[in-house]
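Now for the letters of each chain:
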Amino acid sequence: MELSSRVIQDTMQFTFSTYFIHFIFYLNLIFDHNFACMSHYKSLINRTFNLSNKKNGNKRRLNALSNQKLSFAALCALHFKIPTKKMAFGETETQPQTQTPEVVQAKKYDQNDVDKVSHFTPTICVSDSALKFTNVLYNLTPAELYEHAVKYEKGSFITSTGALATRSGAKTGRSPRDKRVVKDATTQDDLWWGKGSPNIEMDEHTFMINRERAVDYLNCLDKIFVNDQFLNWDSENKIKVRIVSARAYHSLFMHNMCIRPTEEELENFGTPDFTIYNAGKFPCNRYTHYMTSSTSVDLHIARKEMVILGTMYAGEMKKGLFSVMHYLMPKRQILSLHSGCNMGKSGDVALFFGLSGTGKTTLSTDHNRYLIGDDEHCWSDKGVSNIEGGCYAKCIDLSREKEPDIWNAIKFGAVLENVVFDDYTRLVNYADKSVTENTRAAYPIEFIPNALIPCVGPHPKNVILLACDAFGVLPPVSKLNLAQTMYHFISGYTALVAGTEDGIKEPTATFSACFGAAFLMLHPTKYAAMLAEKMQTHGATGWLVNTGWSGGSYGSGSRIKLAYTRKIIDAIHSGSLLKTEYKKTKVFGLEIPSEVEEVPSEILDPVNTWSDKNAYNETLMKLAGLFKNNFETFTNYQIGEDNKLTEEILAAGPHC
Ligand SMILES: Nc1ncnc2c1ncn2[C@@H]1O[C@H](COP(=O)(O)OP(=O)(O)OP(=O)(O)O)[C@@H](O)[C@H]1O
Ligand SMILES: O=C([O-])CC(=O)C(=O)O
Ligand SMILES: [Ca+2]
Ligand SMILES: [Mn+2]
């Protein structure tokens, strides 16, 4: 009886869900029919190009397009190392197939095969898909991209301030566990592999399978977007990047985040130094070797290519390119940094290191200083340069009063990801976390009034390490010597509270080497050695700033007021903090100032803010233990040439 009723129940559920799926499918059909209707679409394209002819800038676009035969097949052919003659669009391959399909089949990964694999290129055989016409929409303007997004991409709307609000789909953050890097002759000795490394290996053959999957998917579409842009404002070390994507959202995001070329630069763009194939709407095949989910973000350094499958989160492109820079720049003796950067009126530069959510964007965007960049920089012999052309700010609980410059940057041209807004007024509710806590705004850097263009500056004077300590035991500010700076840089600590919905949760400590292990390509000690050398040469001062909790851990204490953190940062910039008195804390050995202008002195030593002193001591010891434990993996490495510094760094951690 019980059993049969359950069967009925299950059947009912099945029927209901089947109907539901059909219903959704039906809606989709209506949607697709209305919106993706080819004739409608083609007229739009024609209109764009006809209009284009009239203006200079658009003529350039037409030229670029006709160069590439208006077809993605041809675009890919430029990068496919086709063994026979280069195919023009629509031309079919006449060469007999030289490789049997078995050869093409996925082989089991074998280290010795790595080189061999790269020597064969399967022949592209005749198939109807080769005749497919795909329009290449090349470096469209924000207005054009808005039109595409609003018309064809579900969930895209214009907000009350003119920003393009859109959804990134199932993934609302990066997928570090799905990042793969091709291990081959180029990378096997150079890169950081194994424990703690973000570089999960894959072989070249598997990369090519995923690449083909992405390219085939993109080729199936009626249109794709292509952005040709630059990375790095240092003109001698500029990198040309091409981003091929399926969504206007992705194209606008990269338009904002990379450096936008001038007409002339675009005319002479030539071959890109690196290309992304973003087929994020399409999954990888989970039966493909090395795949552990339907998402795969694959980097092939030697081919200068990246493939994205199974995630539409745009940050993958931004941070994928950042990884590439973390490989390319150190080869040129340039240090790449996960940091914000700004400059005072007198030319004093500060770097802001910190993990996600610790305040790089918030604190580098400072009305009284020039913004060089909010997230990714290079430090060369000449000084600092921003890698990007835009900012990517967290929007959760954003307020006009506390962060006016970011608030005002969210206007026409800005991309707003995964925010919730009122259907009618289109006013964004920044407090709403129902889609994700990681709501974001991507805008060109010139949307910040005092952005410094070009985004370059002299050598840094201050190196500020940000930690959002949800345990509430690190001082709001401490001065670091070089060894301490290196110890905390290599540790890369922060502690955030995971989810806020199911009541109070324990803070969890995160250690991420160089405040960005997820993007490192080489071993962390390589970057650390470069930072130490540069700080020493240019006499920069290190600081540790806790932007997290005070008066207790998460749950009993509260987050340090942004206004106080800003005052602390002001005192670092002005140099006044160097002049005050300091005392050394017991466990971490941190130098804490006795006073900071306009900040209540009692909060400067965290013990004062805890009512339960025992709880404070216990929590402090707990955190110290976590630091020590984390640093174990680095105790066998030498940092740079300097043995003495290595020893000092090892001694610069907490004592307990
Ligand atoms: N005392 C404080 N100092 C800095 N930020 C604070 C403080 N209190 C609250 N916040 C909030 O913390 C968040 C800091 O996020 P921010 O965008 O600056 O992170 P980020 O370091 O740039 O991270 P990501 O690398 O992910 O972009 C902002 O939402 C800011 O409003
Ligand atoms: O990469 C992202 O999505 C956001 C970011 O800046 C970071 O996590 O450092
Ligand atoms: Ca940021
Ligand atoms: Mn970042």
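Quick summary incoming for the structure in this document. (Residues numbered from 1 in each chain as written. Chains lettered and ligands numbered in written order. Predicted model: local features only at pLDDT ≥ 70, side-chain atom pairs only at ≥ 80, totals over all residues. Heavy atoms only, no water.)

### What to know about the side chain of Asp-374
Operational definition: Helix numbering and strand numbering both begin at the N terminus, where a helix is a DSSP run of H or I of at least 4 residues and a strand a DSSP run of E of at least 2. To sort residues, take the accessible area from a 1.4 Å probe on protein chains only and compare it with the maximum for the residue type: under 20% means buried, over 50% means exposed, and anything in between is partly exposed. Counted as positive: Lys and Arg. Counted as negative: Asp and Glu, with His and the chain ends omitted from the count. Here a salt bridge means any side-chain nitrogen of Lys or Arg lying within 4 Å of a carboxyl oxygen belonging to Asp or Glu. By the criterion applied in these results, polar contacts are pairs of N or O atoms within 3.5 Å in which, for protein atoms, one can donate a hydrogen and the other can accept it, and in which residues neighboring in sequence qualify only through two side-chain atoms.
Assignment of secondary structure puts Asp-374 in the loop between strand 14 (370-373) and strand 15 (377-380). Here Asp-374 occupies a buried position and makes no salt bridge, while the nearest side chain of opposite charge, Lys-318, is found at 5.1 Å. One polar contact links Asp-374 to Thr-361, side chain to side chain, over a distance of 2.8 Å.

### Topic: helix 18 (residues 643-651)
Defined as follows: To be clear, the arc concerns the directions from the helix axis to the C-beta atoms. Throughout, a contact is declared for two residues whenever any of their heavy atoms are within 4.5 Å.
Within the sequence span of helix 18, burial applies to Leu-645, Thr-646 and Ile-649. For helix 18, the angular spread of buried residues about the axis comes to 105°, placing them on one side. In helix 18, the exposed positions angled more than 90 degrees off the buried face are occupied by Lys-644 and Glu-647. Check the buried side of helix 18 and you find it contacts helix 14 (482-491), helix 15 (524-538) and helix 17 (613-631). One side-chain oxygen of the residue at the start of helix 18 lies 3.0 Å from the amide nitrogen of Lys-644, identifying that residue as Asp-642.

### Let's talk about the site of ligand 1
Formally: Neighbouring residues are identified by heavy atoms, a residue being near a molecule or strand if any of them is within 4 Å of it. The protein chains shown are the only cover counted for residues, whose accessible areas, like all others here, come from Shrake-Rupley with a 1.4 Å probe. Amino acid classes used here: Ala, Val, Leu, Ile, Met, Phe, Trp, Tyr, Cys and Pro are nonpolar; Asp, Glu, Lys and Arg are charged; the rest, including Gly, are polar.
Ser-356, Lys-360, Thr-361, Glu-403 and Arg-440 are the nearest of the 20 residues found near ligand 1. Between ligand 1 and Asp-375 there is a distance of 3.2 Å, counted from an oxygen atom to a side-chain nitrogen or oxygen. In this structure, Thr-565 approaches ligand 1 through a side-chain N or O atom, which is 2.9 Å from a nitrogen atom. Relative to its unbound accessible area of 650 Å², ligand 1 is 90% covered by the protein chains. If you list the elements that add at least two residues to the shell around ligand 1, you get helix 12 (360-364), strand 17 (390-394) and helix 16 (562-574). Considering each element in turn, the shell around ligand 1 owes the most residues, 3 residues, to helix 12. Looking at side-chain class alone, the shell around ligand 1 contains 4 nonpolar, 9 polar and 7 charged residues.

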